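Residue-level structural notes
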Amino acid sequence: MKFAVHATAPGSRARAGTLSTGRDTVETPVFMPVGTRGTVRTQTLAQLETLAQRGAPILLANTYHLLVRPGIEVFERFGGLHRWMGWPHSILTDSGGFQIFSLPGTVIDEAGAQLRGPGGQALVLSPERSIATQRAIGADIMMVLDHCIASTSPHAEAEAAMQRTHRWAKRCLAARGDGPGALFAIVQGACFADLRRTSARVLTDLPGFDGYAIGGLAVGETRAQREDTTALVTELLPEDRPRYLMGVGMPIDLLEGVHRGIDMFDCILPTALAQQGTAFTSRGRIDLERGVHRFAEQALDPDCRCDACTLTPRSYLHHLVKCREPLGWQLLAFHNLAFYARLMADIRAHLRAGTFPAFLAEQRTRLERADPDHPPGRRPRVKPRKPGSRGAFALHAALEGFTSIRHVASGEIMHSVNDPDVEAARVYVEQSASLVRALAPAPREAQAAAPPLVVWDVGLGAGHNAMALVRAADRVADHAPIELVSFERDLDAFRLALDHVEHFPHLRHRAPHVVAHRGSFERDRFTWTLCEGDFLATFEARPRPDVIFYDPFSAKVDPVMWSLATLTRLFAYLTRPAELFTYTGSTAVRAAMLAAGFHVARGVASGPKPETTIALAHLISPHALLDRDWLARWERSAARFPADVPPADHPELAQRIRDHAQFAHR
Ligand SMILES: [Zn+2]
C-alpha cells in the first residue's frame, strides 16, 4: 500500500492525497460506504460502481458480522469477499472491536472477547482470530482488534482499555506477519488528552503499521470533544500515513474532520437516515416525512443527477417514505451516498485548487441548514407567559389533566401516567411504618428526647414526594422530629415547576420556595435540606436514613442508580433499620436489591403499575415480602439479572438470591 500527499491548505491541517491499495488508486479524503454484511444496504452493484466512479472505490465490511454469517469457510471457498459479492474494488474491514463494545453480554479478557452471536452461539474474537478472518475476507486494509469503550468512561477505565488495545495491536502485527493486506492501528483513550497522546506515541513507535485510525469516537461524546480529540491526535500522527476517523459521521463532521487532517471516513448515516426519510441536499437537510412535502413539485436536490432527484418530484418521495416502501429507502440511500461522494470530491478539488479555506467557511453554515423552504420551527398554539423549559427539562401536559416535567434529552416524563401527588402520598409516605409512627400525635415530652427521623428523598424532581411529606407533617401538630434530605443532581426541574406553580399546586407552600432559595427550610420539629449533586458522590456524607424515597429516572435513562453495585453500596451504608420505597416493580431491580442484601416486599399499586417495590434493611415489617412463588417466576423470567452483572457471574448471583433468608421459610 502506498500513500502520498499532493496538496495541503493554509491555516488548516487538511490534505489531498492518493492511497494505492493495489486494486485502486483512492483519492483522499474519501468517504467509504459501509457494507456491514457484504452489502451496502439497499444498493445494487451498479449503483456501487457508480459511486466508485465518483470517487468511492472502497467499501467497509465488518469482520464480526461476516464471521457470524456466512462464516469464514464461505470466504475460504470463494477466495474472499470481492469475488463472492461481485465487488472489484477495495475493501477495508473493521476488526470487530466496535461490536465487542456494543453487543450486550460480551466478556473481555486479555486473550480476547467472548461474544454471543445472534442465535446465542458463543464466538471468540482474539487479535489473531480477527486478523485471520479479515485475511480470509480478503481485506485490502485490515484494522487491529481494539478494546473500545464509551467515550465518556472514567479515566482509569479508559486507560486500561487503551493499554489492552496497545497489547492487542502488537499481537495483530505479529499475526499479520509478512502476509498481504495493509494493517492500521487504532488510537484509543476516550476524551482524555493525556491518554490520546500516549496512545498515538506508543502506536507510532511500533514499526509496521500502514495507517492510523482514531477509534472510540461518535460513542457519546459532544461534537466539540470529538473535534478536539481528532485535532490532538492527528497532530501526533506521521504525515506520510493515511489517517482514518472511524464511524464519523454527518456531512459537517466530515468537513471538520478533513480540516483537522483526516483522510478516510466511514459511517452508516447516509443509508440509515435514508431509511427514516432524511436526505442531504445542496440546500440543507430535508425530512421527507413532513407533510409540507405532500404537494411539493420541486426536485429533491436540483444539483443532483440521481434518479430520486431527476425522475420524480419530492411529493412522490414523501409518499414512499410515509408508506415505508423499500424503494423510498433505496432511492434516498443512493442519493445520500452520492451526496457524500460529491462533498468529498468537492473537498479534494478545492484542496488541489488552493481554495479549501473559503470552501470550508461557506460549507460550515450550509451543511448544517435544515429544510430552508420550510424551517421546522416549533410554533406553540398558546404563547406561554413564562418559558416552558429550563435547562434539560420542559413542561409536559398529560392527557389526564395534570402537568408533569419531561427530561428533554431522554424524553422521559416524571410520573408520566398517574397523578404525581397521589403517587407521592400513597407509594412514598403512607406505606412507611416509621413515618406513620412519627406522624402520629404524641405528647411533646415523650418525643423531645428522641433523635429525629431521617428521610432521604432521592431524586427531588418537581418536589412531589418531598411535599407529600411536608403536607403530611403539616396536618399533625405534635409529630416526632423529622429531618428530610432531598438529593438532586439537576435542580432545573424543581425550579421550572416553582416558576409554574399554577400547574404544580403541590408547590403552593412556603417550604419549597425557601429550600430552592436558601438550600434549607426549618420549622418546629421539621427540617428540609437540599443536597445538590450526584447522589452517589454525596450520600455517604449524610446521616443514615430511616426512610428512603427512591425516585430517580428509570433504568433506561439512569442505569447506574439501579445497578447491583449502587444498591450494594447503599445497603452497606444502611447500618440501622431502614425502609426504601420506589415506584418500579422491575424483576431485575428486585433481584439486585435481594442480591445487595435487602429484604424485598411488594408495594401498593400505583396508576397502571400493579405493584411497586419496598426494600428493607435490617428490619422485617408487616409488608408482603416476595415469596417462593415470586422466586419461581423470577427463575423463568427473561430479564432477571441487573444489567451491570456480567453473564459469567449470573450463576453465583442466582444462588445468592435463592439462598436469601427471606425465602427460607416461605
Ligand atoms: Zn439525488
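Check the entry above for the structure.
A brief structural summary. (Residues numbered from 1 in each chain as written. Predicted model: local features only at pLDDT ≥ 70, side-chain atom pairs only at ≥ 80, totals over all residues. Heavy atoms only, no water.)

1. Points about the packing of helix α13 (residues 314–322) against helix α14 (residues 326–353)
It is at 7 Å that the axes of α13 and α14 come closest, and there the two elements cross at 125°. In terms of orientation, α13 lies oblique with respect to α14. The interaxial crossing formed by α13 with α14 has left-handed handedness. Residues Y316, L317, L320 and V321 of α13 form the contact with α14, whose own contacting residues are L327, G328, L331 and L332. Looking at the contact of α13 with α14 residue by residue, the classes come out as seven nonpolar, one polar and no charged. (Axes fitted to C-alpha atoms, helices over the stretch in contact; angles between N-to-C directions. Helix = DSSP H or I, 4+ residues; strand = E, 2+ residues; numbered from the N terminus. Parallel < 35°, antiparallel > 145°, perpendicular 65-115°, else oblique. Left-handed = near helix turned anticlockwise from the far one by under 90°. Contact = heavy atoms within 4.5 Å. Nonpolar A, V, L, I, M, F, W, Y, C, P; charged D, E, K, R; others polar.)

2. A closer look at helix α24 (residues 587–596)
Taken across its ten residues, α24 has nine buried, putting it largely inside the fold. Sitting at the amino-terminal end of α24 is S586, which places a side-chain oxygen 3.3 Å from the backbone nitrogen of A588. G597 sits one or two residues past α24 and shows a positive phi near 120°. (Buried < 20%, exposed > 50% of the residue type's maximum accessible area, 1.4 Å probe, protein only. Polar contact = N/O pair within 3.5 Å; in protein donor to acceptor, adjacent residues only side chain to side chain.)

3. A closer look at the coordination of the zinc ion
Binding of the zinc ion to the protein goes through C304 (SG), C306 (SG), C309 (SG) and H335 (ND1), at separations of 2.0 to 2.3 Å. If you look at the zinc ion, its four donor atoms make angles of 96 to 116° with each other, and the shape they trace is tetrahedral. Motif for the zinc ion, donor spacing along one chain: C-x1-C-x2-C-x25-H. Across the pair, exposure class does not vary: C304 and C306 are buried alike. (Donors = N, O, S within 2.8 Å, 3.2 Å for Na, K, Ca; no water. Tetrahedral: all angles 85-135°; square planar, octahedral: opposite > 155°, others 65-115°.)

4. Re the sheet that holds strand β9 (residues 122–125)
Spatially, β7-β8-β9 is the arrangement adopted by the three strands of the open sheet, whose pairing is antiparallel. Strand pairing shows two members of the sheet lacking a second neighbour, β7 (107–108) and β9, which therefore form its edges. For strand β8 (residues 113–116) and β9, the ladder comprises four bridges, and the chain directions are antiparallel. Each bridged residue has a counterpart across the sheet, and for L115 the counterpart in β9 is L123. (Pairing = 2+ DSSP bridges.)

5. Considering the environment of S95
If you trace the backbone, S95 turns up in the loop between β6 (90–94) and α5 (97–102). Owing to a relative accessible area of 0%, S95 belongs among the buried residues under this scheme. When neighbours within four sequence positions are excluded, S95 is seen to be in contact with T63, L125, S130, Q134, M143, V144, L145 and D146. At 3.2 Å, the side chain of S95 forms a polar contact with the backbone nitrogen of G97.

6. Points about the pattern of salt bridges
As enumerated under the stated definition, the model contains 34 salt bridges in all. For E239, the salt bridge is made with R15, and the minimal N-O distance between the two is 3.3 Å. Residue E239 is located in the loop between α9 (223–234) and β13 (243–245), and its partner R15 is located in strand β2 (residues 15–20); the two are separated by 224 residues in the primary sequence. Among the residues examined, E239 registers a relative accessible area of 53% and is labelled exposed. Residue R164 pairs with E110 through a salt bridge whose shortest N-O separation is 3.1 Å. Of this pair, R164 sits in helix α7 (residues 155–176) while E110 is found in the loop between β7 and β8, placing the two residues 54 residues apart along the sequence. Among the residues examined, R164 registers a relative accessible area of 16% and is labelled buried. (Salt bridge = Lys/Arg side-chain N within 4 Å of Asp/Glu carboxyl O.)

7. Examining the side chain of Q330
Take Q330: it is sitting in helix α14. A polar atom in the side chain of Q330 sits 2.9 Å from the side chain of Q47. Beyond its immediate stretch of four places on either side in the chain, Q330 contacts T42, Q43 and Q47.

8. Remarks on the side chain of T613
Looking at where T613 falls in the secondary structure, it is placed in strand β27 (residues 612–617). Take T613: its relative accessible area is 0%, and that puts it in the buried class. A distance of 2.9 Å separates a polar atom in the side chain of T613 from a polar atom in the side chain of R590.

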